[in-house]
Amino acid sequence: MTKTVYAIRDRRGEVRAFHVRTDHEDGTKEVSWRGPDKSSGLNGTPSSELPLYNAHQLDEWADPIVVCEGEKAAFTHVEAGFHAVATVTGASGTPSHDVLADLEGRSIILWPDADDVGREHMRRVGESLADRAAVGWLEPPADAVTGWDAADAVAEHWDIADTLKDAVAFAVKPKYDPWTDLGMRRLADIEVLRETAR
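Procedures and definitions
- Each chain carries its own residue numbering, running from 1 in the direction its sequence is written.
- Local features in a predicted model are, by the rule used here, given only for residues with pLDDT of at least 70; side-chain atom pairs are given and counted only at 80 or more, and totals for whole chains, interfaces and linings are based on all residues.
- The side-chain quantities take in all heavy atoms of the structure and omit both hydrogens and water.
- Strands are runs of DSSP state E lasting at least 2 residues, helices are runs of H or I lasting at least 4, and numbering of each runs from the N terminus.
- Note on classification: 1.4 Å probe, protein chains only; a residue is buried when its accessible area is under 20% of the maximum for its type, exposed when over 50%, partly exposed between these limits.
- Contact definition: two residues touch when any of their heavy atoms are within 4.5 Å.
- Areas reported here follow the Shrake-Rupley algorithm with a probe of radius 1.4 Å; residue values treat only the protein chains shown as occluding.
- Confidence of the predictor at the level of single residues is captured by pLDDT, which takes values from 0 to 100.
- The rule for pairing is simple: two strands pair if DSSP sees at least two bridges between them.
- Here, axes are lines fitted to C-alpha atoms. For helices the fit covers the stretch in contact, and angles between N-to-C directions go from 0 to 180 degrees.
- Here is the rule: rings of Phe, Tyr and Trp (six-membered ring for Trp) pair when centre to centre is within 6.5 Å. Planes less than 30 degrees apart are stacked, more than 60 are edge-to-face, and the remainder are tilted.
- Multiplying 1.5 Å by the residue count of a helix minus one yields the expected span of that helix.
- The arc under discussion is defined with respect to the helix axis, by the directions toward the C-beta atoms.

Turning our attention to the overall build of the protein chain. Counting its secondary structure elements, the protein chain contains six helices and eight strands. Beginning at the N terminus, the succession of helices and strands in the protein chain can be written as β-β-β-β-α-β-α-β-α-β-α-α-β-α. Counting across all 198 residues of the protein chain, residues that qualify as buried make up 39%. Long-range contacts, defined as pairs at least 24 residues apart, comprise 61% of the intrachain contacts of the protein chain with a sequence gap of at least 6. Accessible surface, the protein chain: about 11400 Å² in total, of which carbon and sulfur atoms supply 51%.

In structure tokens, the structure reads:
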């Protein structure tokens, strides 16, 4: 069992929380929160309002900034010599608009975990930043096991600098408009009827 404690600091460097990660020998993990005074929990503060991990280093870093899901992936990338921040909400959550404002005007690369919830998590981040930053997307390899992430790429000795060059421009998913969609279907049906009647 390995326990790692990540300090979550705001842009000024002040500790806002501690995220405790416990990795078990069977591959499972547990995470828990501690307040700035190391008391249990976040005292009502939603994780979506906590800063990005490594936000305090953004002013010192040049672009691009890699955005990972979870502190371990970002920590591993920084150790390897790259600039990376991480969301701290878990895949089911999303950093708030104000939290993501720390990335405004920057060139960033979203690196999602290799699973559906991880991709959707990063897609929400991308949609929030699409008109505020230059956003790239780095799709995990097609043969990656579920949950594979940026930390695994470093552990597997990938050429990270070369890999980041494969990032593509992030595209916002069109929002479903039931009225427009229904109208298009009706028009299409009308055209079929016209062709049939001829």
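All right, on to the confidence of the model for the protein chain then. Per-chain confidence: the protein chain averages 89 in pLDDT, with 87% of residues scoring 70 or above. Residue range residues 178-194 is modelled with pLDDT below 50. Its contacts to residues more than four positions away, or to other chains, number one contact.

Right, let's get into the sheet that holds strand β8 (residues 168-169). An order of β5-β4-β6-β7-β8 is seen for the five strands of this open sheet, with the pairing classed as mixed. The sheet terminates laterally at β5 (84-87) and β8, the two strands that pair on one side only. Examined bridge by bridge, strand β6 (residues 107-110) and strand β7 (residues 134-137) share four bridges and lie parallel to one another. Residue S107 lies in a different strand from β7, and its bridge partner there is A134. Against the sheet, helix α1 (residues 71-79) contacts β4 (65-69) and β5, and its axis sits at roughly 175° relative to β5.

All told, the structure shown has five aromatic pairs when counted by the stated rule. Aromatic pair Y6 and Y53: ring centres 5.5 Å apart, planes at 80°, arrangement edge-to-face. Highlighted residues: Y6 in strand β1 (residues 2-9) and Y53 in the loop between β3 (29-34) and β4, separated in sequence by 47 residues. When its relative accessible area of 8% is taken as the criterion, Y53 is described as buried. Here W111 and W148 contribute two aromatic rings whose centre-to-centre distance is 6.4 Å and whose plane-to-plane angle is 35°, an arrangement assigned as tilted. Within this pair, whereas W111 is found in the loop between β6 and α3 (116-129), its partner W148 is found in the loop between β7 and α4 (150-155), the two being separated by 37 residues in sequence. For the pair shown, W111 and W148 are each scored as buried. Through successive ring pairs, a cluster of aromatic residues spans Y6, Y53 and F75.

A word on the sheet that holds β3. Across the sheet, which stays open at both edges, the three strands sit in the order β1-β2-β3 with antiparallel pairing between neighbours. Two strands bound the open sheet, and with one partner strand each, they are β1 and β3. Adjacent strand axes in the sheet meet at a mean angle of 20° when their direction is disregarded. In the packing of α1 onto the sheet, the strands contacted are β1, β2 (15-23) and β3, and the crossing angle to β1 comes to about 85°.

Here the focus is unusual backbone geometry. As a rule of thumb, non-glycine residues mostly have phi less than zero, and peptide bonds are mostly trans rather than cis. Note that the residue after D63, namely P64, is joined by a cis bond; omega there is 0°. Notably, N43 is not glycine yet its phi reads approximately 55°, a positive angle. Relative to the helices and strands, N43 resides in the loop between β3 and β4. Look at N43 and you get exposed, because its relative accessible area is 79%. Backbone geometry places N54, a non-glycine residue, at a positive phi of 80°. Along the chain, the position of N54 falls in the loop between β3 and β4. A relative accessible area of 4% means that N54 is categorised as buried.

Here α3 is 14 residues long and its end C-alpha atoms lie 20 Å apart, about the 20 Å a rise of 1.5 Å per residue gives. Looking only at α3, the buried set comprises G118, H121, M122, V125, G126, S128 and L129. Down the axis of α3, the buried set is contained in an arc of 165°. They therefore lie on one face. Relative to its buried face, α3 has exposed residues pointing more than 90 degrees away, namely D116 and V117. Turning to α3, the residues buried within the fold contact β4, β5, α2 (97-100), β6 and β7.

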